[in-house]
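Chain by chain, the residues run as shown.
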Amino acid sequence: MLNNRLESLREEIDLSLIDMAKELGVSDSMYSRWEKGRELIPARRIYQIANYYKISIDYILGLSKEKQNILSDSEINYDLVSNRALEIRQDYGESLRTFAKRLNTSSSTWSAYETGKVLILSAFIYEICKFGGYSADWILGRSDVKFRSDLFNNGTNNCKNL
């Protein structure tokens, strides 16, 4: 997730780094690390940032060139996110163990995402989106469009590439 667009988005509306950090309730040094790509942005903060700018998470993370407007002031629906984590694994047709291994994590970690015990880490969201063609906005419940349209000509996904 080092290729994000946080700085350019902030500068487009003449907002200072300090003011954006305050808006999100984080320190300016933390926000600066996110802008510089030195630290991963937690999923709930990506969601919050996307809602603030009213644009897609895919665009913010550099997964899409399309600056798609998405209006969503709601909070993250953890049940929906967990269902989508399960759906992604089912798209691959793999067991929990095999899919977790594909992502270099444990079965118990991925199970916790699928059952909604914890919110999926942004690093996993990014990897799934980057290699599988999924939309981060879909995973986090901001959109009903499952796959990023800028990647596909035939409407299918690349889930086997993950």
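Presented here is a report on the structure given in the accompanying data block. (Residues numbered from 1 in each chain as written. Predicted model: local features only at pLDDT ≥ 70, side-chain atom pairs only at ≥ 80, totals over all residues. Heavy atoms only, no water.)

**A closer look at helix 4 (residues 43-53)**
Counting buried residues along helix 4, 8 of its 11 residues qualify, which places the element largely inside the surrounding structure. By the burial criterion, the buried members of helix 4 are Ala43, Arg45, Ile46, Tyr47, Ile49, Ala50, Asn51 and Tyr53. The inward-facing, buried residues of helix 4 contact helix 1 (6-12), helix 2 (17-24), helix 3 (28-36), helix 5 (57-60) and helix 9 (122-132). Residue Lys54 follows helix 4 closely and has a positive phi angle near 60°. (Buried < 20%, exposed > 50% of the residue type's maximum accessible area, 1.4 Å probe, protein only. Helix = DSSP H or I, 4+ residues; strand = E, 2+ residues; numbered from the N terminus. Contact = heavy atoms within 4.5 Å.)

**Observations concerning the packing of aromatic side chains**
Applying the stated criterion across every chain, the model contains 9 aromatic pairs. With a centroid separation of 6.0 Å and 70° between ring planes, the pair formed by Tyr31 and Trp34 is classed as edge-to-face. Of this pair, Tyr31 and Trp34 both sit in helix 3, 3 residues apart, which is roughly one turn of the helix. With respect to burial, Tyr31 and Trp34 carry one shared label: buried. What links up through ring pairs into an aromatic cluster is the set Tyr92, Phe99, Trp110, Tyr113 and Phe124. (Phe/Tyr/Trp six-rings, centres within 6.5 Å; stacked < 30°, edge-to-face > 60°.)

**So, the nonpolar core**
Ranked by size, the top nonpolar core spans 46 residues in total, and within it Tyr31, Ile49, Trp110 and Tyr134 carry the most contacts. With 6 residues, helix 4 is the single largest residue contributor to this core. With near-sequence residues (within four places) excluded, Tyr31 lies in contact with Leu6, Arg10, Leu17, Met20, Ala21, Leu24, Val26, Ile49 and Tyr53. (Core = buried A, V, L, I, M, F, W, Y, C linked by side-chain atoms within 4.5 Å.)

**Here we look at the packing of helix 2 against helix 4**
With their axes 11 Å apart at the nearest point, helix 2 and helix 4 run at an angle of 115° to one another. With respect to helix 4, the element helix 2 is oriented roughly perpendicular. Relative to helix 4, helix 2 is oriented so that their crossing is right-handed. Across the interface between the two elements, Met20, Glu23 and Leu24 from helix 2 touch Arg45, Gln48, Ile49, Tyr52 and Tyr53 from helix 4. Broken down by class, the residue content of the contact of helix 2 with helix 4 amounts to 5 nonpolar, 1 polar and 2 charged. (Axes fitted to C-alpha atoms, helices over the stretch in contact; angles between N-to-C directions. Parallel < 35°, antiparallel > 145°, perpendicular 65-115°, else oblique. Left-handed = near helix turned anticlockwise from the far one by under 90°. Nonpolar A, V, L, I, M, F, W, Y, C, P; charged D, E, K, R; others polar.)

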